[in-house]
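Residues per chain are reported as follows:
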Amino acid sequence: MTTSTAGAGEAFAGAGFGTRLSEAMAARGPLCVGIDPHVGLLQRWGLPDDARGVREFSLRVVQALAGQVAAVKPQSAFFERYGSPGMAALEETIAACRAADLLCVVDAKRGDIGSTMDGYADAFLGKDSTLAGDAVTLSPYLGFETLRPAIDAALATGRGVFVLALTSNPEGAQVQHALADGVPVAALIARQAAAANAAEIEAGAPLGSVGLVVGATVGSAARDLGVDLGAVRGPLLAPGVGAQGGGAAQIRDVFADALRAVLPSSSRDVLRAGPDAGDLLAAAQAINAELRHAVAG
Ligand SMILES: O=C(O)c1cc(=O)[nH]c(=O)n1[C@@H]1O[C@H](COP(=O)(O)O)[C@@H](O)[C@H]1O
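Figured I'd write up the structure that's included with this text. Small disclaimer: the values here were computed from a predicted structure and weren't measured. (Residues numbered from 1 in each chain as written. Predicted model: local features only at pLDDT ≥ 70, side-chain atom pairs only at ≥ 80, totals over all residues. Heavy atoms only, no water.)

Every one of the 17 residues lining the ligand counts as a neighbour, but Asp 36, Lys 73, Ser 168, Gln 244 and Arg 268 are closest to it. Measuring from an oxygen atom of the ligand, one finds a side-chain N or O atom of Asp 107 at 2.9 Å. Between the ligand and Arg 268 there is a distance of 2.6 Å, counted from an oxygen atom to a side-chain nitrogen or oxygen. Against a free-state accessible area of 510 Å², the protein chains account for coverage of 89% of the ligand. (Near = heavy atom within 4 Å. Polar contact = N/O pair within 3.5 Å; in protein donor to acceptor, adjacent residues only side chain to side chain. Areas by Shrake-Rupley, 256 points an atom, 1.4 Å probe, with all protein chains shown as cover.)

Laid out in structure tokens, this is it:
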């Protein structure tokens, strides 16, 4: 799997994120393991509640899963809470993923006015940025178009983005189910993601690099709101597997028309199995096998 990048503005010559992710999911199964070093998990693993603890935790997860799952997703919040040493630990985790042949989705949920978005795009998708993994999560609630600098940077460097559409938490409905000119906001976001993927799809990519976040817990919301997940033609990150109650059955229900694009994500449910590397891998493999069966059938 290539991780080489081109500079913003240059045409990206290698496989885009959607293609690389699609290949990784086909080879290893659909599971993404979230790296969320909660204080309780650090304690359980016998690690200190500081940047050294979070670094050790994350590197152990990456080592245990190296080459075994399609992707991991470090949650930036749990690194940011330790200030600059925590951010250094996030940078090391991102670099370790590259060395371990794991696609890395940095869960930072950024979104701002366009001019500020340039800065976030440089930070999380810039050619040589140490905070850039293979993709980053973005919030479109200042307007989808504000994300354009990040989408452009992702496409220019062979990276990807995941835009929050229907989040796994119940409070998200207040914003995401609301109507804008008679159309649910989540449906508009899905349409705009589909448009952003059109060129890559026309060029023959199996998936575009502009993904959506649709929680495994959202039930019939996509159907009820007319969110056409099949038309997005980008990866669909589905957090909420495990600790939030989602599982294989929910994935099949929510993503009926787009199962091959789903990247189900689970954090606490897998991480609880640690710190033993073998136990951690076994937990990830068990969930991955169930999900693989669910998306295949
Ligand atoms: O973008 C995300 O990953 C995300 C979106 C969403 O709608 N819901 C959601 O839970 N997440 C993230 O996914 C992870 C879920 O963790 P667990 O509930 O422990 O599996 C957390 O890092 C959340 O921030």
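Okay, back to it.
The next point concerns the packing of aromatic side chains. Overall, the coordinates contain 2 aromatic pairs when judged by the stated rule. Seen from their ring centres, Phe 17 and Phe 162 are 5.8 Å apart, and the 90° between their planes marks the pair as edge-to-face. Of the two residues, Phe 17 sits in helix H1 (residues 17-28) while Phe 162 sits in strand E5 (residues 160-166), which places them 145 residues apart along the sequence. Like Phe 162, Phe 17 is buried. Here Trp 45 and Phe 57 contribute two aromatic rings whose centre-to-centre distance is 4.0 Å and whose plane-to-plane angle is 35°, an arrangement assigned as tilted. (Phe/Tyr/Trp six-rings, centres within 6.5 Å; stacked < 30°, edge-to-face > 60°. Helix = DSSP H or I, 4+ residues; strand = E, 2+ residues; numbered from the N terminus. Buried < 20%, exposed > 50% of the residue type's maximum accessible area, 1.4 Å probe, protein only.)

All right, on to the environment of Leu 164 then. Secondary-structure assignment places Leu 164 in strand E5. Residues Leu 164 and Pro 235, 71 residues apart in the sequence, show an inter-C-alpha distance of 12 Å. Once residues lying within four places of it in the same chain are set aside, the contact partners of Leu 164 are Lys 109, Leu 138, Ser 139, Pro 140, Tyr 141, Ile 189 and Val 213. (Contact = heavy atoms within 4.5 Å.)

Bringing the sheet that holds strand E9 (residues 236-239) into the picture now. Around the barrel, 8 strands lie side by side as E1-E2-E3-E4-E5-E8-E9-E10; this closed barrel has parallel pairing. Averaged over all pairs of adjacent strands, the angle between strand axes in this sheet comes to 30°, irrespective of strand direction. By the bridge criterion, 4 bridges tie strand E4 (residues 135-138) to E5 in an arrangement that is parallel. By the bridge assignment, Leu 138 is partnered in E5 with Val 163. Of the strands in this sheet, strand E1 (32-35) and strand E2 (71-74) touch helix H3 (residues 51-65), which is tilted by about 165° from E1. Of the strands in this sheet, strand E3 (103-110), E4 and E5 are in contact with helix H6 (residues 114-125), which crosses E3 at around 155°. (Pairing = 2+ DSSP bridges. Axes fitted to C-alpha atoms, helices over the stretch in contact; angles between N-to-C directions.)

Backbone torsion omega between Gly 274 and Pro 275 reads 10°, so that peptide bond is classified as cis. Note on placement: Pro 275 falls in the loop between helix H13 (268-271) and helix H14 (277-296). Positive phi values are uncommon outside glycine, yet Asp 181 reaches one of about 50°. Along the chain, the position of Asp 181 falls in the loop between strand E6 (179-180) and strand E7 (183-184). A relative accessible area of 83% means that Asp 181 is categorised as exposed.

Our focus in this paragraph is the environment of Leu 147. Take Leu 147: it is sitting in the loop between E4 and helix H7 (148-157). A C-alpha to C-alpha distance of 24 Å links Leu 147 and Gly 240, two positions 93 residues apart in sequence. Leave out the neighbours within four places in its chain, and Leu 147 touches Arg 110, Gly 111, Met 117, Leu 138, Ser 139, Pro 140 and Val 163.

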